[in-house]
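Topology and contacts: notes
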Amino acid sequence: MNIVPDIKTQRIAIKLKPSAEKMVKRGHPWIFEKSILKQSIKGKAGDLAIIYDNKKNTILAIGLYDPYSPIRIKIIQFKKAAQINSEWFNNRITQAKSIRKPLLETATNSYRLLFGENDQMPGFIADVYDSVLVVKLYSHIWFPYLNWIVPHLIQQSGCKTVVLRLSRSLQTESQTYNLEDGSIIYGSLEKEVVVFKEHGVLFSANVIKGHKTGYFLDHRHNRKKVGDLSKGKTVLDVFSYAGGFSVHALAGKAKEVVSIDISRQALEMAKDNASLNTHSGRHTIMVADAFEGLQGLISKKKKFDIVVIDPPSFAKRESEINKAKNSYVRLAKLGAQLVHKKGILVLASCSSRVVAEEFFEICEDNISGYGRSFTLLDKTYHDVDHPVSFPEGAYLKCAYYQLN
Ligand code: SAH
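Owing to the predicted nature of the structure, the values given are computational and were not obtained by experimental measurement.

1. Looking at the overall build of the chain
- Helix and strand counts for the chain stand at 11 helices and 20 strands.
- Since a compact globule built from 404 residues should have a radius of gyration of about 22 Å, the 23 Å found for the chain is in line with a globular shape.
- For the chain, the spread of C-alpha atoms along the three principal axes comes to 70 × 45 × 35 Å.
- Looking at the 404 residues of the chain, the share that counts as buried comes to 55%.
- Restricting the contact set of the chain to residue pairs at least 6 apart, pairs at least 24 apart contribute 65%.
- Each charge class in the chain can be summarised by its mean position, and for the 57 positive and 40 negative side chains these summaries are 3 Å apart.

2. Some remarks on the packing of helix H6 (residues 220–229) against helix H7 (residues 244–251)
- Axis separation between H6 and H7 bottoms out at 7 Å; the angle between their running directions is 35 degrees. Regarding H6 and H7, the two cross each other, and that crossing is right-handed. Contacts between H6 and H7 involve Asn-222, Arg-223, Lys-224, Val-226 and Gly-227 from the former and Gly-244, Phe-245, His-248 and Ala-249 from the latter.

3. Thoughts on the site of the ligand
- Around the ligand, the structure places 14 residues, and the nearest of them are Arg-223, Asp-261, Asp-289, Ala-290 and Asp-310.
- The side chain of Arg-223 places a nitrogen or oxygen atom 2.7 Å from an oxygen atom of the ligand.
- Between an oxygen atom of the ligand and a side-chain N or O atom of Asp-261, the distance comes to 2.6 Å.
- Protein burial of the ligand: of its 580 Å² of free accessible surface, 86% is covered by the chains.
- Each residue belonging to the shell around the ligand can be placed in one class, and the counts come to eight nonpolar, two polar and four charged.

4. Notes on helix H2 (residues 86–99)
- If you check H2, its first and last C-alpha atoms are 21 Å apart, about what 14 residues at 1.5 Å a residue would give, namely 20 Å.
- If you check which residues of H2 are buried, you get Trp-88, Phe-89, Arg-92, Ile-93 and Ala-96. One side of H2 carries all its buried residues, which in axial view fall inside an arc of 135 degrees.
- Contact partners of the buried residues in H2: strand S6 (71–78), strand S7 (110–115) and helix H4 (146–157).

5. Looking at the sheet that holds strand S10 (residues 161–166)
- With mixed pairing, the five strands of this open sheet are ordered in space as S7-S8-S9-S10-S11. Where the open sheet ends on each side, the last strands, each with one partner, are S7 and strand S11 (183–186). The mean angle between the axes of side-by-side strands here comes to 25 degrees, regardless of whether they run parallel or antiparallel.
- Summarising the sheet, S10 and S11 pair through three bridges and their orientation is antiparallel. By the bridge assignment for S11, Val-162 is matched with Tyr-186.
- Packing of H4 onto the sheet brings it into contact with S7, strand S8 (124–129), strand S9 (132–137), S10 and S11, and relative to S8 it is tilted by some 30 degrees.

6. Observations concerning the packing of helix H9 (residues 290–299) against helix H10 (residues 321–336)
- Contact geometry for H9 and H10: axes closest at 10 Å, N-to-C directions at 25 degrees. As summarised for this structure, H9 and H10 are arranged roughly parallel, according to the angle between their axes. Regarding H9 and H10, the two cross each other, and that crossing is left-handed. Across the interface between the two elements, Phe-291, Leu-294, Gln-295 and Ile-298 from H9 touch Ser-327, Arg-330, Leu-331 and Leu-334 from H10.
- Classifying every residue of the contact of H9 with H10 by side-chain character gives five nonpolar, two polar and one charged.

7. Let's talk about the nonpolar core
- In terms of nonpolar packing, the biggest core is built from 40 residues, with Phe-124, Leu-137, Trp-142, Phe-143, Leu-146, Ile-149 and Leu-153 touching the most fellow members.
- Counting residues per element, the ones that place at least two in this core are strand S4 (48–52), strand S5 (59–65), H2, S7, S8, S9, H4 and S10.
- Ranked by residue count, the leading element in this core is H4, at five residues.
- Each of two domains, domain 1 (11–78) and domain 2 (86–196), supplies a minimum of three residues to this core.
- For Phe-124, the contacting residues outside a window of four places in its chain are Leu-114, Phe-115, Gly-116, Val-135, Lys-136, Leu-137, Trp-142, Leu-146, Ile-149 and Leu-153.
- Membership of the second largest hydrophobic core comes to 37 residues, among which are Val-307, Leu-338, Phe-360 and Ile-362.

8. Looking at the sheet that holds S5
- Read across the sheet, six strands follow the order S2-S6-S5-S4-S1-S3 without closing on themselves; strand pairing throughout is mixed. Only two strands of the sheet have a single partner each, and these edge strands are strand S2 (30–32) and strand S3 (36–39). In this sheet, neighbouring strand axes are inclined to one another by 35 degrees on average, regardless of whether the strands run parallel or antiparallel.
- In this sheet, S6 lies alongside S5 in antiparallel orientation, the contact comprising five bridges. Looking at S6, one finds that Gly-63 is bridged to Ile-75.
- Along the sheet, helix H1 (residues 18–25) makes contact with strand S1 (11–16), S2, S4, S5 and S6, crossing S1 at roughly 110 degrees.

About the criteria used
- Residues numbered from 1 in each chain as written.
- Predicted model: local features only at pLDDT ≥ 70, side-chain atom pairs only at ≥ 80, totals over all residues.
- Heavy atoms only, no water.
- Helix = DSSP H or I, 4+ residues; strand = E, 2+ residues; numbered from the N terminus.
- Rg over C-alpha atoms; globule rule 2.2 N^0.38 Å.
- Buried < 20%, exposed > 50% of the residue type's maximum accessible area, 1.4 Å probe, protein only.
- Contact = heavy atoms within 4.5 Å.
- Lys, Arg positive; Asp, Glu negative; His and termini not counted.
- Charge placed at Lys NZ, Arg CZ, Asp CG, Glu CD.
- Axes fitted to C-alpha atoms, helices over the stretch in contact; angles between N-to-C directions.
- Left-handed = near helix turned anticlockwise from the far one by under 90°.
- Near = heavy atom within 4 Å.
- Polar contact = N/O pair within 3.5 Å; in protein donor to acceptor, adjacent residues only side chain to side chain.
- Areas by Shrake-Rupley, 256 points an atom, 1.4 Å probe, with all protein chains shown as cover.
- Nonpolar A, V, L, I, M, F, W, Y, C, P; charged D, E, K, R; others polar.
- Expected span 1.5 Å × (residues − 1).
- Arc of directions from axis to C-beta.
- Pairing = 2+ DSSP bridges.
- Parallel < 35°, antiparallel > 145°, perpendicular 65-115°, else oblique.
- Core = buried A, V, L, I, M, F, W, Y, C linked by side-chain atoms within 4.5 Å.
- Domains from an automatic or database assignment.

What follows is the structure, given as structure tokens:
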């Protein structure tokens, strides 16, 4: 397959400062620029960085060199030497697929086949939507290897079309080998909007223009759970995007569902997604800032049986952590006022910088601080197609509280 021209890579011998060496020995995939002690040659994007033990001179790990990022080396192979070739990538994908097997046995044809670092493919995402595979690259390191990787992805996923998405930083930097965000690199795409199934419920995603790869697959298990709880209930879905939770609730026979999002376009998708499924519940969309929208509903004394609050990542950088925590405080308080007696408040966070324990503590302090006692029904983390292999890889947490 000829997606990119033949890009020659070289090998760079690397030695690390002791603290970084310890991290690599523990299986951490990131090596920052400042942790490199010695480097045999100046590297280009995608060059193989062979990391040697400082004392024993044995191979500790193999990474890909990224001159454009402060995370200068991203590790793909730990502990022992290996030939990084087409077969190596095929083995990686086979292993990744085997972890997802239980999910693929459900009524689901949308899943994340490769989840970056967590599948030893740093900055490389592969999402499947029915017969369309969306590859999203977050780093230049992958261009030299695309001709090897993509055929294996096609073979193992059975997809007929491959769309390439590029992160914003890749779109602005120069060398992308004539590839653009949204390029079709295999097969053809009849429509930008692809219909797929998630635990028996139909959805659609715009794989060319949608956020990330078009849809947020990570909450699948929580959406199913909310769907299962929704029969005959009234449900409020806050930060609903394309209606993930709303549509599962409707398909689960909710009586009424209200979806709130600041983006009208997202809510139009939610409407479209709802109409792909048979349901008799009433679906209302509310274009609003969530904080204001929730306050408005409280003023009108509205209450729901189930309230789901799944905001975007509030802490994209270190300096935003306190502000993010404060937003979680506000959302827990607002949510607590909108749930009927014995109703359920579902609170989620996707900020990896706010760890699970801290997030749950914020939720619990502020529900009870609001004068409502609760029973914790469940806490959930990542679905099987989003494995976690290092601390920064864990971002998703969600709690189910029944309020008295
Ligand atoms: N719950 C969704 C994913 C949420 S993504 C799912 O299951 O798929 C975050 C969403 O929050 C985006 O759709 C974005 O438009 C919306 N958003 C961001 N800031 C907002 C705000 N202040 N008020 C309401 N919605 C907001």
